[in-house]
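Now for the letters of each chain:
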Amino acid sequence: GVPVDHQERCRNRLDKAFAAMDLRTIADLIIDKAQDYITRLVTDEGNSLTTRNHHCTTLKSFGKWLKKNRRLHDNPVEELEIVPVKDSDRTHESRVFTVDELMKVCDVAKPHHRLIYLFTAYTGFRHKEDKFVTWADLDIDTEQPTCTLRNTKNGDTVVVNLPTWLAGELRLHRAEEKLKLGGQLPTTRPVLHIPRWMVNHLRKDAAKAGLGEVEVERKVSSGGHSYTGVVKWIDPSNPKVR
């Protein structure tokens, strides 16, 4: 029941921890090594306390799993401490759009990206939750349109009311999808195609709308092809905003 992206993050954190602590066997996982590694995440690598806590939680969960499955008698890293994070400790602040700013972004975005932005903003779903919404989950032909999400981060099922104008946008999108598929639109088909790097697109569109600047990282593949990596958001008035 754990989302795939969360599994990947935990696996990557453990791989990094095992390499940094030079672990060869389960018996090598001891509290002193773990505490030193967690401390270096902040002092040497400059990670935030929130990131530190994520790594700490993952290690503690791994130790708990080892004990539960009788790989070890006790959890060797149970004493790792999760530290409280104050607002002053945060290395980044989230950028929140006003309605006017959102519309400016939508004005410069590609049509499909525009629909993703509007749908996300007016449902409150995370963009990684948007991709699970199928046509069967939408009720957009009634006086009060709704959307049902069955794969929330907490594993709950929620039903949200949609603005009538957004339901109209979705009906137009449905008609276009039917034309592409020759008139047949499976109810199990996702409503929105969410690009892998959706946040990159959003940051670029926000920059086009004059809401800030972006710094594009270019990478080169093993085949020599250049491609876009991380797109960093820059707000000249507040360097902590991302």
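Now for a look at the structure at hand. Keep in mind that this is a model prediction, so the values were computed, not measured. (Residues numbered from 1 in each chain as written. Predicted model: local features only at pLDDT ≥ 70, side-chain atom pairs only at ≥ 80, totals over all residues. Heavy atoms only, no water.)

**Details of the overall build of the protein**
What the protein contains, in helices and strands, is 8 helices and 5 strands. In the protein, which comprises 242 residues, the share counted as buried stands at 31%. A separation of at least 24 residues holds for 52% of the contacts in the protein among residues at least 6 apart in sequence. Entry remark: accessible area of the protein is about 15600 Å², with carbon and sulfur atoms responsible for 51%. (Helix = DSSP H or I, 4+ residues; strand = E, 2+ residues; numbered from the N terminus. Buried < 20%, exposed > 50% of the residue type's maximum accessible area, 1.4 Å probe, protein only. Contact = heavy atoms within 4.5 Å. Areas by Shrake-Rupley, 256 points an atom, 1.4 Å probe, with all protein chains shown as cover.)

**Considerations on the sheet that holds strand E1 (residues 138–139)**
An order of E1-E2-E3 is seen for the 3 strands of this open sheet, with the pairing classed as antiparallel. Since the sheet does not close on itself, it has two edges, and those belong to E1 and strand E3 (158–161), each with one partner. Pairing of strand E2 (residues 146–149) with E3, which is carried by 4 bridges, proceeds in the antiparallel orientation. By the bridge assignment, Cys-147 is partnered in E3 with Val-160. (Pairing = 2+ DSSP bridges.)

**Here's the deal with the side chain of Asn-75**
Tracing the sequence through the fold places Asn-75 in the loop between helix H3 (49–68) and helix H4 (99–108). A relative accessible area of 12% places Asn-75 in the buried class. Among the polar contacts made by the side chain of Asn-75, one reaches the main-chain amide nitrogen of Val-77 at a distance of 3.0 Å. Once you skip the residues sitting within four places of it in the chain, Asn-75 turns out to touch Lys-60, Gly-63, Lys-64 and Lys-67. (Polar contact = N/O pair within 3.5 Å; in protein donor to acceptor, adjacent residues only side chain to side chain.)

**Some details on the layout of surface pockets**
What the second largest pocket holds in volume is close to 290 Å³. Secondary structure elements with two or more residues in the lining of the second largest pocket: helix H5 (111–123) and helix H7 (164–180). By residue number, the principal contributor to the lining of the second largest pocket is H7, which donates 6 residues. (1 Å grid on protein atoms, 1.4 Å probe; cavity = no way out; pocket = protein on both sides within 12 Å on 5 of 7 lines; lining within 4 Å. Points joined across faces, edges and corners; volume = space filled by probe spheres on them.)

**Overview of a positive patch on the surface**
Residues Lys-110, Lys-204, Lys-208 and Arg-218 make up a contiguous surface patch of positive charge. Structurally, Lys-110 is set in the loop between H4 and H5. Exposure remark for Lys-110: the relative accessible area of 58% places this residue in the exposed category. (Patch = residues over 30% accessible without salt bridge, like charges linked within 9 Å, V, L, I, M, F, W, Y side chains within 5 Å. Salt bridge = Lys/Arg side-chain N within 4 Å of Asp/Glu carboxyl O. Lys, Arg positive; Asp, Glu negative; His and termini not counted. Charge placed at Lys NZ, Arg CZ, Asp CG, Glu CD.)

**Observations concerning the packing of aromatic side chains**
All chains considered together, the criterion is met by 4 aromatic pairs. Ring centres of Phe-18 and Phe-62 lie 5.4 Å apart, and the angle between their planes is 55 degrees; on these two criteria the pair is classed as tilted. With Phe-18 in helix H1 (residues 4–20) and Phe-62 in helix H3, the pair connects residues that are 44 residues apart, well separated along the chain. Summarising the aromatic geometry, the rings of Phe-62 and Trp-65 are spaced 6.2 Å apart at their centres and angled 15 degrees between planes, so their arrangement reads as stacked. Taken together, the positions of Phe-62 and Trp-65, both in helix H3 and 3 residues apart, correspond to about one turn of that helix. (Phe/Tyr/Trp six-rings, centres within 6.5 Å; stacked < 30°, edge-to-face > 60°.)

**Quick word on the pairing of E2**
Both faces of E2 are covered, namely the face carrying Thr-146 and Thr-148 and the face carrying Cys-147 and Leu-149. Inspection of the sheet shows E1 paired to E2 by 2 bridges, in the antiparallel sense. Looking at E2, one finds that Leu-138 is bridged to Cys-147. Where E1 hands over to E2, the hairpin turn is made up of 6 residues, counted between the paired strands.

**Some remarks on unusual backbone geometry**
Positive phi values are uncommon outside glycine, yet Asp-22 reaches one of about 55 degrees. Using a relative accessible area of 44% as the deciding quantity, one classes Asp-22 as partly exposed. Although it is not a glycine, Arg-70 sits at a positive phi angle of roughly 60 degrees. Within the secondary structure layout, Arg-70 lies in the loop between H3 and H4. What makes Arg-70 exposed here is its relative accessible area of 79%.

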